[in-house]
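Listed below are the residues making up each chain.
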Amino acid sequence: MEQFLDIADAELEQNVYDVNPTRLESLLELSLRTSISNIDPYKDELRVELLPFDLVSMLFKVITIETKLEEVYKKEKEDLRGLTGIEAFSFDYCVEWPVSLILSRKVLTNYQLLFRHLFYAKHVERRLSSGIMEYKRGVLRLPFHALRHRMLHFVQNLQYYMMLEVIEPSWQELSSKMQQVTNVDDVLKLHNEFLSSCLKDCMLTDPELLDVGHKMLVQCVRFSNFLQVVTDERGDAGKMLRRFDSKFSNLLLALLNKITNTASYHLNLRNLVYRLDFNGFYTEKLEHLTAEKSMRSERDSSGI
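Here we summarise the structure given alongside this text. All values derive from a computational prediction rather than experimental measurement. (Residues numbered from 1 in each chain as written. Predicted model: local features only at pLDDT ≥ 70, side-chain atom pairs only at ≥ 80, totals over all residues. Heavy atoms only, no water.)

Here's the deal with the pattern of salt bridges
Right, on to step 1. Throughout the structure, instances matching the rule amount to 12 salt bridges.
Right, on to step 2. Salt-bridge contacts for E173 lead to K177; the nearest nitrogen and oxygen are separated by 3.0 Å. Linking E173 with K177, this pair stays in helix 8 (residues 142–178), spanning four residues, or about one helical turn.
Right, on to step 3. With a relative accessible area of 45%, E173 lands in the partly exposed category.
Right, on to step 4. Residue K177 is classed as partly exposed on the basis of its relative accessible area of 36%.
Right, on to step 5. For K215, the salt bridge is made with D211, and the minimal N-O distance between the two is 3.4 Å. Of this pair, K215 and D211 both sit in helix 10 (residues 207–229), four residues apart, roughly one helical turn.
Right, on to step 6. By relative accessible area, K215 is classed as partly exposed at 43%. (Salt bridge = Lys/Arg side-chain N within 4 Å of Asp/Glu carboxyl O. Helix = DSSP H or I, 4+ residues; strand = E, 2+ residues; numbered from the N terminus. Buried < 20%, exposed > 50% of the residue type's maximum accessible area, 1.4 Å probe, protein only.)

Now the structure itself:
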């Protein structure tokens with residue numbers, strides 16, 4: 001993924017209307033043939049796809065299938081004017097029979113959800129870690145870089161959690177259980193359980209969690225764009241910094257609060273909470289906010 005992003009980053013930064021799919025296919029082939037993936041006999045089945053909606057919209061389209069909202073989403077026309085190649089990008093896979101019995105179109109769509117989530121998080125990390133940010137270290141003072149490192153801490157721990165605490169252990173468990181399967185039905189059952197577990201623990205079955213998490217990633221991108229153009233930390237730059245800091249902190253608190261309140265359902269997400277709030281800083285803020293809400297509700301109920 002890193003190698004592909006290195007050579008395709010400029011193309012994917014454009015509006016989706018301006019991205020050349022043929023060029024992306026060529027860059028993908030180049031990155032595959034110049035990496036360890038070259039030994040994969042199925043590498044030529046991988047395809048580039050530019051979807052007309054971002055990750056959150058895609059999730060809503062999937063979860064509203066066979067519901068009253070399905071027709072609403074079908075009728076809505078996607079506005080591609082603000083959609084970049086990064087936000088629209090996904091991989092597709094050409095599956096032949098009999099493998100298509102396992103990797104159906106529905107399964108591939110779920111894999112696309114996982115990939116797009118990881119891909120965008122990696123893109124955000126690269127933006128926050130880029131060379132221009134290090135150059136700005138000599139131009140801007142500590143508060144700007146303190147917020148950048150807080151954002152980087154969030155993005156890196158989110159990726160680590162998804163890759164090494166969700167996907168990798170689930171894959172190892174699936175591989176182990178696959179040694180005992182005796183028929184295709186068992187394979188289907190185990191594979192569906194693996195995919196469902198990954199989607200759930202990566203926040204891709206809860207629209208509210210994903211929406212908050214995605215907004216945080218978008219906020220990180222906007223802040224990195226701001227850092228690339230800011231030249232003076234005084235005046236408007238200082239005000240913008242405080243706005244970014246407040247917005248990011250509020251979103252992070254909302255995410256931690258949502259995870260904490262649904263911990264019985266998202267058990268593995270507790271690990272993400274421990275990573276993001278390793279020193280208890282945000283826990284104190286959440287407790288303070290909870291106490292304030294409790295006091296307000298008591299006042300309202302007593303008519304004060």
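Once you've had a look at it, read on.
Brief notes about a nonpolar patch on the surface
Right, on to step 1. A cluster of nonpolar side chains, namely W97, L101 and V184, defines an oily patch on the protein surface of about 360 Å² accessible area.
Right, on to step 2. If you trace the backbone, V184 turns up in helix 9 (residues 184–201). (Patch = residues over 30% accessible without salt bridge, like charges linked within 9 Å, V, L, I, M, F, W, Y side chains within 5 Å. Areas by Shrake-Rupley, 256 points an atom, 1.4 Å probe, with all protein chains shown as cover.)

With respect to helix 11 (residues 236–261)
Right, on to step 1. Counted at 1.5 Å a residue, the expected span for helix 11 with its 26 residues is 38 Å, and the 37 Å between its end C-alpha atoms agrees.
Right, on to step 2. For helix 11, the full list of buried residues reads A237, G238, L241, F244, F248, S249, L251, L252, L253, L255, L256 and I259. (Expected span 1.5 Å × (residues − 1).)

Let's talk about the nonpolar core
Right, on to step 1. Within the largest apolar cluster, 73 residues are counted, with the highest numbers of intra-cluster contacts made by F4, L12, F89, F154 and L255.
Right, on to step 2. For this core, the leading source of residues is helix 8, giving 12 residues. (Core = buried A, V, L, I, M, F, W, Y, C linked by side-chain atoms within 4.5 Å.)

Topic: the packing of helix 6 (residues 105–128) against helix 9
Right, on to step 1. Two elements in contact, helix 6 and helix 9, have axes separated by 10 Å at closest approach and are oriented at 30 degrees. Relative to helix 9, the element helix 6 lies roughly parallel. Judged by the sense of rotation from one axis to the other, the crossing of helix 6 with helix 9 is left-handed. For the pair formed by helix 6 and helix 9, the contact residues are V107, N110, Y111, L113 and L114 on the first element and H191, N192, F194, L195, C198 and L199 on the second.
Right, on to step 2. Split by residue class, the contact of helix 6 with helix 9 holds eight nonpolar, three polar and no charged. (Axes fitted to C-alpha atoms, helices over the stretch in contact; angles between N-to-C directions. Parallel < 35°, antiparallel > 145°, perpendicular 65-115°, else oblique. Left-handed = near helix turned anticlockwise from the far one by under 90°. Contact = heavy atoms within 4.5 Å. Nonpolar A, V, L, I, M, F, W, Y, C, P; charged D, E, K, R; others polar.)

Let's talk about the packing of aromatic side chains
Right, on to step 1. This model, assessed by the stated rule, comprises 13 aromatic pairs.
Right, on to step 2. A ring pair is formed by F4 and F91, whose centres lie 6.1 Å apart and whose planes are at 50 degrees; its orientation type is tilted. Of this pair, F4 sits in helix 1 (residues 2–12) while F91 is found in strand 2 (residues 89–93), placing the two residues 87 residues apart along the sequence. Assigned by exposure class, F4 and F91 land together as buried.
Right, on to step 3. Judged by centre distance (5.1 Å) and plane angle (75 degrees), the ring pair of F89 and F91 falls under edge-to-face. Each member of the pair, F89 as well as F91, is classed as buried.
Right, on to step 4. Grouped by ring-pair contacts, the aromatic residues F4, F89, F91, F115 and F119 constitute a single cluster. (Phe/Tyr/Trp six-rings, centres within 6.5 Å; stacked < 30°, edge-to-face > 60°.)

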